Amino acid sequence: VFLSCFKILWNTEDLASEKSVREATTERDHQYRSGDELCDRDRNNFKKERELSIEGVEALIDSDGDLEVVRRPRSASDLEAEALLRDAVYPVILMKGQEDAFEDEEQEYTCSDVVKIEHTMATPLEDVGKQVWRAAFLLADYIIFKRDTFRCCSVLELGGGTGITSIIMGTVAKRVYCTDVGEDLLAMCEHNVALNKHLMEPGRGEVKVKELDWLKDEFCTDPEAPYSWSEEEIADLHDHCTVIMAADVFYDDDLTDALFRMLYKITHNLRNSCTVYLALEKRLNFTLRHLDVTCEAYTHFRNTLNDLENLQDRKMKYTVEPIKLDFCQFLIYERIEQL
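Summary of the structure given here. Everything quoted here is computed from the prediction, not taken from an experiment.

Parameters at a glance
Residues numbered from 1 in each chain as written. Predicted model: local features only at pLDDT ≥ 70, side-chain atom pairs only at ≥ 80, totals over all residues. Heavy atoms only, no water. Phe/Tyr/Trp six-rings, centres within 6.5 Å; stacked < 30°, edge-to-face > 60°. Helix = DSSP H or I, 4+ residues; strand = E, 2+ residues; numbered from the N terminus. Buried < 20%, exposed > 50% of the residue type's maximum accessible area, 1.4 Å probe, protein only. Lys NZ or Arg CZ within 6 Å of the ring centre and 35° of its normal. Pairing = 2+ DSSP bridges. Right-handed = clockwise from strand over helix to strand, strands pointing away. Contact = heavy atoms within 4.5 Å. Expected span 1.5 Å × (residues − 1). Polar contact = N/O pair within 3.5 Å; in protein donor to acceptor, adjacent residues only side chain to side chain.

### Observations regarding the packing of aromatic side chains
The geometry of an aromatic ring pair is captured by the separation of the ring centres together with the interplanar angle, meaning the angle of the planes.
No. 1: The final tally for this structure, using the stated rule, is 14 aromatic pairs.
No. 2: Ring geometry for Phe250 versus Phe260: centroids 6.1 Å apart, planes at 35°, classification tilted. Remark: Phe260 occurs in helix α11 (residues 253-268) and Phe250 occurs in the loop between β7 (241-247) and α11; sequence separation between them is 10 residues.
No. 3: Owing to a relative accessible area of 5%, Phe250 belongs among the buried residues under this scheme.
No. 4: One residue, Lys282, lies across the ring of Tyr298, its end atom 5.1 Å from the ring centre.

Have a look at this one:
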């Protein structure tokens, strides 16, 4: 398990500084690669190597017979730019039973512009919620960008995972129900919420971690079960929820179907109209069935979304529209075109 600290670039000066560093790095890389030509330094090296090879000097080969490639030495400016980019994330490896050893590090980053998240780096498919995914960052960016829209709202997140999106929402919303399934995942999520209480105190926002299994018909209300719902909490959700969100939960067709069934059921019981925000990354894979690169999970998601929009229902009407990704980036991650 890792503890990473993600810096939020709240103001325009931070955004401009981060952007200038990235543009400078990109420009330097472009200078070395532009036009598919070698830079002067590489051309000179190439000429020298060619002259040596003509004279019969052997190429550099290691003990296994592999060619040793001499890399271009990194300049001080390259290292400085990389250091600036890496300042935004501070991973700390946690070991079971030794969490107290990291209290100093946690206190050091307890400020208004840092989100602390416990997560894993790689998991089997059933534990993917323990990782932090790009679409969660994308949705968090949108929440910060449109924070006035979400101010004082009551929000439900489906498949909250590590809780980073709910935590960001908790900085502006009145109440957030962050839901997922699996006691160990929910415990990790609850701990992340506790680590970031300082972010929610100014607006008195509240994040509640609850179990919500899309494969079951009802909310878990067993008082003996951890992360179960009380009748008051269910009533509060139905009476006040106006925003539902989910990030990177569309990777399995059966789970996608289950999520839309749950979404339909919940929205039918809401007293107020509701906006649902869905963020995802289109993941391309080569399949033997098509003998081509496809994105089947995304295709199934879009088909199911179209079915929901075309649903004939006397009580509810669903409309779907894409959101342009031209809003500011407040968290440092790679906003790829597949998001």
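### Some points on the pairing of β7
No. 1: Most of β7 sits out of view: six of its seven residues are buried.
No. 2: Pairing analysis gives four bridges linking strand β4 (residues 154-157) to β7, with the strands arranged parallel. Across the sheet, Ser154 pairs through a bridge with Cys241, a residue of β7.
No. 3: Pairing of β7 with strand β8 (residues 275-279) involves five bridges; the strand directions are parallel. Residue pairing for β8: Ile244 is matched across the bridge by Val276.
No. 4: Handedness of the β-α-β unit built from β7, α11 and β8 comes out right-handed.

### Concerning the pairing of strand β5 (residues 175-180)
No. 1: Judged by how many residues are buried, β5 sits mostly within the fold: six of six residues are covered.
No. 2: The two faces of β5 match: Arg175, Tyr177 and Thr179 on one face and Val176, Cys178 and Asp180 on the other face are all buried.
No. 3: Pairing geometry for β4 and β5, over four bridges, is parallel. Bridge pairing links Leu156 to Tyr177 in β5.
No. 4: One crossover worth recording links β4 to the parallel β5 by way of helix α7 (residues 164-170), and it is right-handed.
No. 5: Pairing of β5 with strand β6 (residues 206-211) involves six bridges; the strand directions are parallel. Each bridged residue has a counterpart across the sheet, and for Tyr177 the counterpart in β6 is Lys208.

### Looking at the environment of Trp133
No. 1: Looking at the secondary structure, you find Trp133 in the loop between β3 (114-119) and α5 (134-145).
No. 2: Classification of Trp133 by relative accessible area gives partly exposed; the value is 27%.
No. 3: On a C-alpha basis, the gap between Trp133 and Leu280 in space is 9.0 Å, while along the polypeptide they are 147 residues apart.
No. 4: For Trp133, the contacting residues outside a window of four places in its chain are Val128, Asp248 and Arg283.

### Focus on α11
No. 1: With 16 residues, α11 should cover 22 Å at 1.5 Å per step; its first-to-last C-alpha distance of 23 Å lies within 8% of that length.
No. 2: Within the span of α11, buried status applies to Thr256, Ala258, Leu259, Phe260, Met262, Leu263, Ile266, Thr267 and His268.
No. 3: For α11, the secondary structure elements touched by its buried residues are β4, β7, β8 and α12 (296-309).
No. 4: You can read the cap of α11 off the contacts: a side-chain oxygen lies 3.1 Å from the backbone nitrogen of Asp254, and it is on Asp252.

Function-wise, these values are silent; they only describe arrangement.
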